[in-house]
Amino acid sequence: MPLKSCSRVSGMRQKASFSMNFLHKTGRMCNDFLWMGRRCCRTQNVTLLASRAFRLHSDTPHHHTHMPHEIPSQPYFSFFPMHVKFIFLLTLHYETIHRECPKTATKQTYRIMTHTPSHPSIKRICCLMAACAFSCIYLPAQSIRIHKTDGTMQKWRQSEIDSIIYEEIPHYDTPQNQAANLTLEIRTDSACYHPGSTVKFTHNGSSFLRAKVRYMHLGKVLHEEDLTGSQWTWKTPPEDFKGYMVQIYQTSTTGETVRGTTAVDVSSDWKKFPRYGFVADFGSSKTASVTATEMDWLNRCHINGVQFQDWHYKHHWPWGGTRNGETLESYTDIANRTVYTSSVENYIKAQHDRGMKSIFYNLCYGALSDAVQDGVSATCFLYKNAEHTVRDCHQLPSSWKSDIYVVNPSLTAWTTYMKVRIAEVYNHLDFDGFQIDQLGYRGKLYSNTGQEVDILTTFAPFIRAIKTKFPDKRLIMNAVGSYGTKEIAGTKKMDFLYNEVWDGEKNFADLYKILENNKALGGDTLQTVFAAYMNYNLDNTNFNLPGVILTDAVMFALGGSHLELGGDHMLCREYFPYASVSMSEALKKRIVTYYDFMTAYENLLRDGGTLNTSTSLVPKDTSGKISINGWEPQLGGVTTIAREKEDCTVLHFLNFINANSLSWRDMDGTMPAANTNTNIPLKMTYAKPVKHLYVATPDKLGGAMNELEFTQEGSTLSFTLPYLNYWTMVVIQE
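Notes on the structure follow.

**Considerations on the overall build of the protein**
For the protein, the helix and strand inventory stands at 13 helices and 44 strands. Counting every position in the protein, which comprises 734 residues, the buried fraction comes to 57%. Of the contacts formed within the protein by residues at least 6 apart in sequence, a portion of 76% connects residues at least 24 apart. About 29700 Å² of surface is accessible on the protein, with carbon and sulfur atoms providing 49% of the total.

**Description of the side chain of Thr291**
Mapped onto the elements of the fold, Thr291 is located in helix H5 (residues 288-300). Owing to a relative accessible area of 0%, Thr291 belongs among the buried residues under this scheme. In contact with Thr291, not counting residues within four places along its chain, are Lys286, Ser343, Asn346, Tyr347 and Ala350.

**A look at the packing of aromatic side chains**
All told, the structure shown has 34 aromatic pairs when counted by the stated rule. Considering the side-chain rings of Phe308 and Tyr347, the 6.3 Å spacing of their centres and the 90° angle between planes classify their relative orientation as edge-to-face. Note that Phe308 is positioned in strand S18 (residues 305-308) and Tyr347 in helix H6 (residues 341-353), a separation of 39 residues in sequence. Ring centres of Tyr426 and Phe470 lie 5.3 Å apart, and the angle between their planes is 65°; on these two criteria the pair is classed as edge-to-face. Taken together, the residues span a long stretch of sequence, with Tyr426 in helix H7 (residues 412-428) and Phe470 in the loop between helix H8 (456-469) and strand S28 (474-480) at a distance of 44 residues.

**Let's talk about the pattern of salt bridges**
What the rule picks out here adds up to 25 salt bridges. Of the charged contacts, one joins Asp596 and Arg300 as a salt bridge, the two residues approaching to 2.8 Å between their closest N and O atoms. Separated by 296 residues along the polypeptide, Asp596 in helix H12 (residues 585-600) and Arg300 in helix H5 bring together distant segments of the chain. When sorted by exposure, Asp596 lands in the same class as Arg300, which is buried. Among the ionic pairs, Lys314 bridges to Asp370, the shortest N-O distance being 2.6 Å.

**Thoughts on the environment of Thr728**
You can see Thr728 is positioned in strand S44 (residues 727-733). Given a relative accessible area of 0%, Thr728 falls into the buried group. The spacing of Thr728 and Val695 is 33 residues in sequence and 7.3 Å in space, taken between C-alpha atoms. Other than its neighbours up to four places away in sequence, Thr728 contacts Leu651, His652, Phe653, Val695, Ala696, Thr697, Leu721 and Tyr723.

**Section: the nonpolar core**
Counting residues in each nonpolar core, the largest one holds 129 residues, and the members touching the most others are Phe308, Phe431, Leu565, Ile591, Tyr601, Trp727 and Met729. With ten residues, helix H11 (residues 545-558) is the largest single contributor of residues to this core. With sequence-adjacent residues up to four places away left out, Phe308 is seen in contact with Val279, Phe282, Val344, Tyr347, Ile348, Gln351, Ser358, Ile359, Phe360, Tyr361 and Phe431. Counting residues in each nonpolar core, the second largest holds 22 residues, with Val618, Ile626, Tyr686 and Val690 among its members.

**Quick word on unusual backbone geometry**
For residues that are not glycine, phi is negative in most cases, and the peptide bond is trans in most cases. In the segment running from Trp631 into Glu632, the intervening peptide bond is cis, with an omega of 25°. Along the chain, Glu632 turns up in the loop between strand S36 (628-629) and strand S37 (638-644). The backbone of Asp666 sits at a positive phi, close to 45°, despite the residue not being glycine. Along the chain, Asp666 turns up in the loop between strand S38 (648-655) and strand S39 (677-685). Asp666 sits in the buried class, given a relative accessible area of 7%.

**Some details on the sheet that holds strand S35 (residues 620-621)**
Spatially, the four strands line up as an open sheet ordered S35-S39-S43-S42, and their pairing is antiparallel. Every interior strand has two partners, whereas the edge strands, S35 and strand S42 (710-713), have only one. By the bridge criterion, eight bridges tie S39 to strand S43 (residues 716-724) in an arrangement that is antiparallel. Bridge assignment links Met684 to a residue of S43, and that residue is Leu717.

**Overview of the packing of H5 against H6**
For the pair H5 and H6, interaxial distance at closest approach is 9 Å and the crossing angle is 45°. In terms of orientation, H5 and H6 fall into the oblique class. The hand of the H5/H6 crossing is right-handed. Contact residues: H5 offers Ala288, Thr291, Ala292, Glu294 and Met295, while H6 offers Ser343, Asn346, Tyr347, Ala350 and Gln351. Looking at the contact of H5 with H6, its residues break down into five nonpolar, four polar and one charged.

What counts, and where the lines are drawn
- Residues numbered from 1 in each chain as written.
- Predicted model: local features only at pLDDT ≥ 70, side-chain atom pairs only at ≥ 80, totals over all residues.
- Heavy atoms only, no water.
- Helix = DSSP H or I, 4+ residues; strand = E, 2+ residues; numbered from the N terminus.
- Buried < 20%, exposed > 50% of the residue type's maximum accessible area, 1.4 Å probe, protein only.
- Contact = heavy atoms within 4.5 Å.
- Areas by Shrake-Rupley, 256 points an atom, 1.4 Å probe, with all protein chains shown as cover.
- Phe/Tyr/Trp six-rings, centres within 6.5 Å; stacked < 30°, edge-to-face > 60°.
- Salt bridge = Lys/Arg side-chain N within 4 Å of Asp/Glu carboxyl O.
- Core = buried A, V, L, I, M, F, W, Y, C linked by side-chain atoms within 4.5 Å.
- Pairing = 2+ DSSP bridges.
- Axes fitted to C-alpha atoms, helices over the stretch in contact; angles between N-to-C directions.
- Parallel < 35°, antiparallel > 145°, perpendicular 65-115°, else oblique.
- Left-handed = near helix turned anticlockwise from the far one by under 90°.
- Nonpolar A, V, L, I, M, F, W, Y, C, P; charged D, E, K, R; others polar.

Below is the structure:
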């Protein structure tokens, strides 16, 4: 298995240095080293991994009866142009050792340090790299990496190589049978990070003995170090679009105890793994300090984009400003609430300080009663009758500013007008994009000339017009009840797909159908965010924790994300400012671990692969105590669904034993708490050889992943599932 990036370990470098100038003087030394290495490691499979830069041919005979004096005629490397940027890894496999005794495999690294002397022979340099990897020790070298002198990966130029330094990298085992005492809250300084950037961590507790911090990518431990204070940093690996679990743990004679966990998302663009939140109150109380505190909460949940709901002055004139270009200090929104421009600006700054995108909301076709006076052409409006006497409108309470009248968003008169209005928004406020809304199916509609208008056909022209005018700004559009998904996705202008789900898609099974439909329409490249309103009928009480957590468990296991978290409240209804249902402290803690889990394991949950709903991957409880079924969910049992990836299968266990409904909505907040099940003996059919088995759940250990023991006899895989509350994930590594 290819070795992934390891952190540099200070103090581990061995005193073995090979001068390039010295080795160049001995013309046959590279080839001799290769011969020596192959004699010591005859059974090794040699693979060169590179970004289209080099190839290593391993079909040269493995046995020599004499020491060769010439470089073999069969080339060891094929060369591509040197301007290609790449990370050069030469990985040597001891396949038998890794399979039979994986914990005894030794991992060594030969690092290329970089300086400036010129070296004429690139072939000789590359052979030298392989020679040193083969011959410096009798154990298998795991990799050769090209670094700068500070240890960071960078493109390699021939002239920069000066010497080869042997450096030993320690081997870390994946933890097993950890306990938990989760008293530490760990925070990061940003919601997401660019590759190679620095994460600043803090925790809220005091120091304690034998404390360590561990960094993991999926089941692999990248690095561990002692923790001596409440603040520290970590340089992220160079790979883009990866999630990491970070845990503080304590060692004792009885084993390891997890004291706190968090996740890190290394993604240069939020649209790969969107985690969407919202803000909807812009009153005078939203000072810089208050908005910073609210965004700290969203940052703790790794929210990387925030939607601004009901922030705008008028739907057809969103920026709070006058016709002569003056910004208003305050104005009223559609509900006649006072909005302060400074509050909007405070939120944007706090979000950008934490690596979040700021996205403003507006309808694609909304105009208020004074729109014509503000310059909107009367020809834009749509009507409920062919005689064009009754304008289509979305009726609102009489105490509000206006009803919302519907226009044809594809008309040039409208798009030209709105380009000016949107330009005002971007010129005065540092928004990153536009959350486009619609109202779903409106029935038959007619133009001002009596012609029938299919509103579905109007979405794409509006989207393309806005994206053409503002190419660097992001776009997301709501598919209300999946209405318009095909047309929206077909533009290929969306950062991701956004589904506001209603009673027509109220069941857990519907979420799977939406995700699969979006995958087909989005070309398997667009993620899905659900705007799904929980406990809709509740008022002046707390959210029902079991209903919220079970819904998030299903959404996240299927590969979706949930728009639900605001800066100052959780979303309950389509009117985002409604804040009369509250989060209990218990729910807040569970939400943090669930969002840690979704972020840390994003490459397992949301990064390709195929959902398998067949019964072929459904385990059986050999004790007969628990009924386990495949997808779709069934009351009274445990539902499984598998995601098959290139090198592993991810198996999700979702607990519906105590559930009283198969609807995700939990309208009245009556979903009962899930029961806890431990040490469930399982057997399943799995024909491929299994190398490792990992388990993780957001309901225990703060989401930390542990390795499981297993047996595999033929195509029968047996293991014990240690814990199941709402959701447990098992990773079968091939």
